[in-house]
Amino acid sequence: MDWKTLANDVVNGEELTEEEALKILNSDDDELLSLLQGAFTIRKHYYGKKVKLNMIINTKSGLCPENCGYCSQSSISTAPIEKYRMMDRESILAGAERAYNLKVGTYCIVASGRGPSEKELDTVVSAVKDIKDQFGLKVCACLGLLKPNQATRLKEAGVDRYNHNINTSKEHHESITTSHTYDNRVDTIEAVKASGISPCSGVIIGMRETKKDVVNMAYSLKALDADSIPVNFLHAIDGTPLEGTDDLDPRYCLKVLALFRFINPTKEIRISGGREVNLRSLQPLGLYAANSIFVGDYLTTKGQESTSDHEMLKDLGFEVEFDFEENEALSV
């Protein structure tokens with residue numbers, strides 16, 4: 001397959017066929033560098049050599065009634081994680097200050113649960129207003145299933161982006177969770193879009209799905225017009241139904257990232273959870289397809305030291321996109 005020609009076709013507005021998409025995932029490892037060169041052609045056209053940094057704060061841990069098979073915070077997990085209710089506003093602000101000091105462009109406020117209570121929403125709304133005043137950070141919220149009026153409140157508070165992942169394909173969804181439907185997730189994304197908040201939705205790769213499922217995920221997110229697409233790679237946690245699952249290798253993970261870039265050329269593709277344990281020594285190559293990463297820890301698993309991430313970007317010759325709002329107070 002001539003990946004460079006295919007990449008140029010994408011830059012010129014052509015869309016990948018399903019057959020071409022599957023060829024990416026089935027490509028020989030010997031083609032990997034030329035495939036990544038094609039992905040980089042697209043990535044550089046839209047984003048140059050800039051990399052967006054994102055950081056998570058887990059404001060509420062565990063205590064979730066859902067039965068998602070990958071999640072250590074679910075009702076069916078026996079993983080020994082820390083459990084706590086919603087943080088107070090001051091703790092969320094302290095996390096924002098750390099994000100600012102790490103030159104993180106987007107601060108992600110995450111809470112476990114099916115969806116936010118009104119009290120939890122009040123806390124987030126109050127914190128977001130102060131974050132905007134003090135640091136000018138872009139704020140992403142990830143609070144579960146959302147009602148239209150809740151999305152409106154978050155928009156009015158200053159939330160820039162809302163994350164709600166589809167996680168897997170519609171066909172594979174019931175193999176992962178039955179306490180909510182795939183369409184429930186899509187409804188939340190649509191409510192977010194209707195409120196004027198930028199939609200963020202992504203996937204978890206490695207949950208015993210087929211390659212066709214992976215292709216379907218990429219096309220589904222294109223149809224949903226998600227502005228930001230986090231690509232997570234399963235870090236199977238003991239005590240969850242997916243315990244012991246280890247279907248990924250670094251080369252396949254890179255092919256997945258290339259696939260998402262070819263199908264969603266103009267979108268932010270973010271290497272997210274599980275990159276350290278799945279991409280391993282090939283992590284830097286992922287940024288030839290993706291243009292965004294998380295720094296610091298994830299929800300219940302550790303990430304790479306932020307200094308290592310900054311060194312990796314410097315070694316690649318990439319530039320951190322440090323795009324705070326013009327009206328920031330910068331009172332740090």
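In the block above lies the structure referred to throughout.
Residues numbered from 1 in each chain as written. Predicted model: local features only at pLDDT ≥ 70, side-chain atom pairs only at ≥ 80, totals over all residues. Heavy atoms only, no water.

1. Observations concerning the overall build of the protein chain
Stage number 1. Each helix and strand in the protein chain was counted, giving 12 helices and 10 strands.
Stage number 2. The globule rule puts the C-alpha radius of gyration for 332 residues at 20 Å, and the 19 Å found for the protein chain is close to it.
Stage number 3. Considered along the principal axes of its C-alpha atoms, the protein chain spans approximately 55 × 45 × 35 Å.
Stage number 4. For the protein chain, the residues scored as buried account for 58% of the 332 residues in total.
Stage number 5. Sequence-distant contacts, at least 24 apart, represent 77% of the contacts inside the protein chain between residues at least 6 apart.
Stage number 6. Carbon and sulfur atoms provide 46% of the accessible area of the protein chain, an area that totals close to 13,900 Å².
Stage number 7. Where the 38 positive side-chain charges of the protein chain centre and where its 50 negative ones centre are 2 Å apart. (Helix = DSSP H or I, 4+ residues; strand = E, 2+ residues; numbered from the N terminus. Rg over C-alpha atoms; globule rule 2.2 N^0.38 Å. Buried < 20%, exposed > 50% of the residue type's maximum accessible area, 1.4 Å probe, protein only. Contact = heavy atoms within 4.5 Å. Areas by Shrake-Rupley, 256 points an atom, 1.4 Å probe, with all protein chains shown as cover. Lys, Arg positive; Asp, Glu negative; His and termini not counted. Charge placed at Lys NZ, Arg CZ, Asp CG, Glu CD.)

2. Here's the deal with the pairing of strand β8 (residues 268-271)
Stage number 1. Residues E268 and R270 point to one face of β8 and I269 and I271 to the other, with burial holding for every one of them.
Stage number 2. Across 4 bridges, the pairing between strand β7 (residues 228-233) and β8 is parallel. The residue bridging V231 from the neighbouring strand is I271, located in β8.
Stage number 3. With helix α9 (residues 250-263) bridging β7 and its parallel neighbour β8, the resulting β-α-β unit is right-handed.
Stage number 4. For β8 and strand β9 (residues 292-294), the ladder comprises 2 bridges, and the chain directions are parallel. Directly across from I271, in β9, lies its bridge partner I293. (Pairing = 2+ DSSP bridges. Right-handed = clockwise from strand over helix to strand, strands pointing away.)

3. Overview of helix α4 (residues 89-101)
For an α-helix the count is 3.6 residues per turn, leaving residues at separations of three or four pointing the same way.
Stage number 1. Helix length check: α4, at 13 residues, gives a terminal C-alpha distance of 19 Å against a target of 18 Å (1.5 Å per residue), a fit within 8%.
Stage number 2. Residues I92, L93, G95, A96, A99 and Y100 constitute the buried set of α4. What you see down the axis of α4 is that its buried residues fit within an arc of 155°, all on one side.
Stage number 3. In the stretch just after α4, K103 is the one whose phi turns positive, near 60°. (Expected span 1.5 Å × (residues − 1). Arc of directions from axis to C-beta.)

4. Comments concerning the packing of aromatic side chains
What characterises a pair of aromatic rings is the spacing of the ring centres plus the angle enclosed by the ring planes.
Stage number 1. Here the structure, examined in full by the defined rule, presents 4 aromatic pairs.
Stage number 2. Ring geometry for F40 against Y288: centres 5.2 Å apart, planes inclined by 70°, an arrangement best described as edge-to-face. One end of the pair, F40, is in helix α3 (residues 32-47); the other, Y288, is in the loop between α11 (283-286) and β9, and 248 residues separate them in sequence.
Stage number 3. The structure contains a cluster of three or more aromatic residues connected by ring pairs, namely F40, Y288 and F318.
Stage number 4. In this arrangement the basic side chain of R43 is found over the ring face of F318, its NZ or CZ atom lying 4.9 Å from the centre. (Phe/Tyr/Trp six-rings, centres within 6.5 Å; stacked < 30°, edge-to-face > 60°. Lys NZ or Arg CZ within 6 Å of the ring centre and 35° of its normal.)

5. Quick word on the pairing of strand β3 (residues 138-142)
Stage number 1. Burial within β3 is extensive, with 4 of its 5 residues counted as buried.
Stage number 2. Both strand β2 (residues 106-111) and β3 contribute to a ladder of 5 bridges, which runs parallel. Among the inter-strand pairings, C108 is bridged to a residue of β3, identified as C140.
Stage number 3. A crossover connection joins β2 to the parallel β3 through helix α5 (residues 118-134); in handedness this β-α-β unit is right-handed.

6. Let's talk about α3
Stage number 1. Taking 1.5 Å of rise per residue, 16 residues should cover 22 Å, and α3 covers 21 Å from first to last C-alpha, within 8% of that figure.
Stage number 2. Here α3 has its buried residues at L32, L35, L36, G38, A39, F40, T41, I42, R43 and Y47.
Stage number 3. Those residues of α3 that are buried are in contact with α1 (3-11), α2 (18-26), β1 (50-60), α9, β8 and α11.
Stage number 4. Backbone geometry just downstream of α3 places G48 in the positive-phi region, at approximately 60°.

7. Here we look at the side chain of N54
Stage number 1. Along the polypeptide, N54 turns up in strand β1.
Stage number 2. On the basis of relative accessible area, N54 is assigned to the buried category, the value being 0%.
Stage number 3. Excluding residues within four positions of it along the chain, N54 makes contact with V104, T106, C108, E268, R270, S292, I293, F294 and V295.

8. What to know about the pattern of salt bridges
Stage number 1. Tallied over the entire structure, the rule returns 20 salt bridges.
Stage number 2. In this structure, K52 and E321 form a salt bridge, with 3.1 Å as the shortest nitrogen-oxygen distance. Placement of the pair is K52 in strand β1 and E321 in strand β10 (residues 319-321), with a sequence separation of 269 residues. E321 shares its class with K52; the two are buried.
Stage number 3. Between D225 and K267 there is a salt bridge, with its nearest N and O atoms 2.7 Å apart. Of this pair, D225 sits in the loop between α8 (211-224) and β7 while K267 is found in the loop between α9 and β8, placing the two residues 42 residues apart along the sequence. (Salt bridge = Lys/Arg side-chain N within 4 Å of Asp/Glu carboxyl O.)

9. Digging into the environment of L224
Stage number 1. Structurally, L224 is set in helix α8.
Stage number 2. Classification of L224 by relative accessible area gives buried; the value is 7%.
Stage number 3. Along the primary structure L224 and D130 are separated by 94 residues, whereas in three dimensions their C-alpha atoms are 31 Å apart.
Stage number 4. Once residues lying within four places of it in the same chain are set aside, the contact partners of L224 are I166, V186, I189, E190 and K193.

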